[in-house]
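A closer look at the structure
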Amino acid sequence: MKDMLKKLAAIPSPSGTEDAMRNTLQAYLKDLDTTIDAHGSLIVHKKGEGEGIVVLAAMDTPSLFVTAADKGFSRFSPTDELTVPDGTIVQFTDGIVGVVSKDDAGQFIDTGDVPVPIGAGAAPLPSVWEIGATRLCGFALGNYAALTACLSAALEKTTKDVYYVFAAKTCIRQFSPAFMQKVKANLLISVEVSAANDYPEEKAVFLSLGQGTSLRIKDKNMLSAPDAIAYLSALPVSTVREVSMRRGIGGTVQKAFGGIKSVGIGIPTRYADTLGEMVDMKDIENTKNLLLACLSN
């Protein structure tokens with residue numbers, strides 16, 4: 001599973017340019033029924049018993065979009081809460097590499113004498129470092145960890161009728177929930193990044209690495225169904241309840257389709273929205289096992 005995480009995390013996947021990531025996921029899932037919707041999201045159907053369950057995860061990462069360009073210098077706007085320090089090396093989806101710096105007018109990307117068009121998307125160079133036996137850090141590693149947990153679960157045998165949706169364009173708030181028109185489901189499980197705060201001087205630690213999957217009672221975009229939280233809590237998998245201050249993607253689906261019963265679960269992630277997000281393989285394995293227990297029970 002660690003090898004899968006490393007492979008996925010090596011694929012740049014800025015919002016709106018997820019082709020390489022989608023192709024990799026399709027290769028893993030070649031034996032399953034897959035479709036791509038008009039927005040580029042990948043939908044995987046594993047036929048089984050009962051009413052359908054949707055498992056949702058983002059396929060893209062935070063990105064930088066060029067807003068003005070002149071002679072190899074490009075002004076940009078970041079997505080989400082991403083902050084990019086000066087000196088960060090970024091890569092555009094066509095392979096062009098640049099360095100972030102700033103002047104009195106703000107930050108820019110220096111691509112030398114190579115021009116880039118307005119609207120081009122870039123992201124910090126993908127990278128993963130192992131820290132000790134079970135922890136890893138790197139850019140957008142929380143996103144990649146959620147993706148890994150869902151992909152690995154999709155490759156295992158389960159009994160329920162389930163749709164895995166690997167969503168595109170989530171970080172630019174252009175994610176479309178229209179895929180729900182094509183599925184028959186009565187439960188949505190949204191797999192998200194949850195910010196861990198187990199720091200040395202923190203007096204109110206509510207989420208720690210390696211202690212279990214977060215069950216998000218609510219976040220800024222969704223209120224989880226209490227009976228779904230109770231059901232997941234009762235499964236023989238380590239979980240911890242959380243009220244998240246992050247904006248998840250599950251609420252978009254919940255609100256668009258008449259309040260479908262929904263629950264958010266999270267991969268605990270230190271230093272979320274920075275270039276050095278840290279995750280624990282135990283939490284990723286745990287999240288996979290939570291999904292498998294739910295989808296086979």
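The structure we're discussing is the one just above.
This write-up is about the structure you can find in this document. What you see is a predicted model, and the numbers here were worked out from it, not measured in a lab.

1. Thoughts on the pairing of strand E7 (residues 97-103)
In the sheet, strand E6 (residues 89-92) pairs with E7 via 3 bridges, with the strands oriented antiparallel. When the sheet's bridge partners are listed, Gln91 is paired in E7 with Val97. In this structure, the hairpin formed by E6 and E7 is closed by a connection of 4 residues, where Gly95 is found at a positive phi of approximately 100 degrees. Judged from the 5 bridges that link them, E7 and strand E8 (residues 106-110) form a sheet pairing that is antiparallel. Bridging across to E8, Asp103 finds its partner in Gly106. The turn linking E7 back onto E8 is made up of 2 residues.

2. Here's the deal with the layout of surface pockets
In this structure, the second largest pocket occupies an estimated 220 Å³ of space. Around the second largest pocket sit 13 residues that line it, and Ile53, Asn186, Leu187, Tyr231 and Cys294 are the ones nearest its centre. Those elements that place two or more of their residues in the lining of the second largest pocket are strand E3 (49-58), strand E13 (185-195) and helix H4 (226-234). Ranked by residue count, the leading element in the lining of the second largest pocket is E3, at 4 residues. For the lining of the second largest pocket, a count of residues per class yields 5 nonpolar, 3 polar and 5 charged.

3. Comments concerning the packing of aromatic side chains
Counted according to the given criterion, the structure contains 2 aromatic pairs. A ring pair is formed by Phe73 and Phe108, whose centres lie 5.5 Å apart and whose planes are at 80 degrees; its orientation type is edge-to-face. One end of the pair, Phe73, is in strand E5 (residues 73-78); the other, Phe108, is in strand E8, and 35 residues separate them in sequence. In this structure Phe73 comes out as partly exposed when scored by relative accessible area, which is 41%. Given a relative accessible area of 12%, Phe108 falls into the buried group. Ring centres of Tyr199 and Tyr271 lie 5.9 Å apart, and the angle between their planes is 15 degrees; this geometry places the pair in the stacked category. Placement of Tyr199 in the loop between E13 and strand E14 (213-218) and of Tyr271 in the loop between strand E16 (262-269) and strand E17 (277-280) is noted, with a sequence separation of 72 residues between them.

4. Describing the sheet that holds strand E12 (residues 160-167)
Here we have 8 strands laid out as an open sheet, ordered E1-E2-E12-E3-E13-E16-E14-E15, and mixed in their pairing. One side of each edge strand has no neighbouring strand; the edge strands of this open sheet are strand E1 (33-36) and strand E15 (239-243). Neighbour to neighbour, the strand axes of the sheet diverge by 25 degrees on average, direction disregarded. The pairing of E14 with E16 spans 3 bridges and is antiparallel. Bridge pairing in E16 places Leu215 opposite Ile265. Each of E3, E12, E13, E14, E15 and E16 is contacted by helix H6 (residues 281-295), which is oriented at about 160 degrees to E16, the strand it contacts most.

5. Structural notes on the packing of helix H1 (residues 2-9) against helix H3 (residues 141-154)
H3 packs onto H1 with a crossing angle of 130 degrees between their chain directions and a minimal axis gap of 9 Å. Here H3 runs oblique to H1, going by the angle between their axes. Every pair of crossing elements has a handedness; the one defined by H1 and H3 is right-handed. Seen from H1, the contacting residues are Met4, Leu5, Leu8 and Ala9; seen from H3, they are Leu141, Tyr144, Ala145, Leu147, Thr148, Leu151 and Ser152.

6. What to know about the nonpolar core
Among the nonpolar cores identified, the biggest contains 67 residues, and Leu25, Tyr164 and Phe166 are the most heavily contacted of them. Here this core takes 10 residues from H3, the largest share from any one element. Tyr163, Leu188, Val253 and Ile260 belong to the second largest nonpolar core, which has 15 residues in total.

7. Examining the pairing of E15
As paired strands, E14 and E15 are joined by 5 bridges and run parallel to one another. When the bridges of E15 are listed, Ser214 appears paired with Val240. Between the parallel pair E14 and E15, the chain is carried across by H4, and the sense of this crossover is right-handed.

8. Considering unusual backbone geometry
Phi is positive for Lys169, close to 60 degrees, though the residue is something other than glycine. As for its position among the elements, Lys169 is in the loop between E12 and E13. The partly exposed category is assigned to Lys169, whose relative accessible area is 22%. Of note in this structure, Asp273 is not a glycine but carries a positive phi near 70 degrees. Looking at the secondary structure, you find Asp273 in the loop between E16 and E17.

Rules used throughout
- Residues numbered from 1 in each chain as written.
- Predicted model: local features only at pLDDT ≥ 70, side-chain atom pairs only at ≥ 80, totals over all residues.
- Heavy atoms only, no water.
- Pairing = 2+ DSSP bridges.
- Helix = DSSP H or I, 4+ residues; strand = E, 2+ residues; numbered from the N terminus.
- 1 Å grid on protein atoms, 1.4 Å probe; cavity = no way out; pocket = protein on both sides within 12 Å on 5 of 7 lines; lining within 4 Å.
- Points joined across faces, edges and corners; volume = space filled by probe spheres on them.
- Nonpolar A, V, L, I, M, F, W, Y, C, P; charged D, E, K, R; others polar.
- Phe/Tyr/Trp six-rings, centres within 6.5 Å; stacked < 30°, edge-to-face > 60°.
- Buried < 20%, exposed > 50% of the residue type's maximum accessible area, 1.4 Å probe, protein only.
- Axes fitted to C-alpha atoms, helices over the stretch in contact; angles between N-to-C directions.
- Contact = heavy atoms within 4.5 Å.
- Parallel < 35°, antiparallel > 145°, perpendicular 65-115°, else oblique.
- Left-handed = near helix turned anticlockwise from the far one by under 90°.
- Core = buried A, V, L, I, M, F, W, Y, C linked by side-chain atoms within 4.5 Å.
- Right-handed = clockwise from strand over helix to strand, strands pointing away.

Read these as spatial facts, not as claims about activity.
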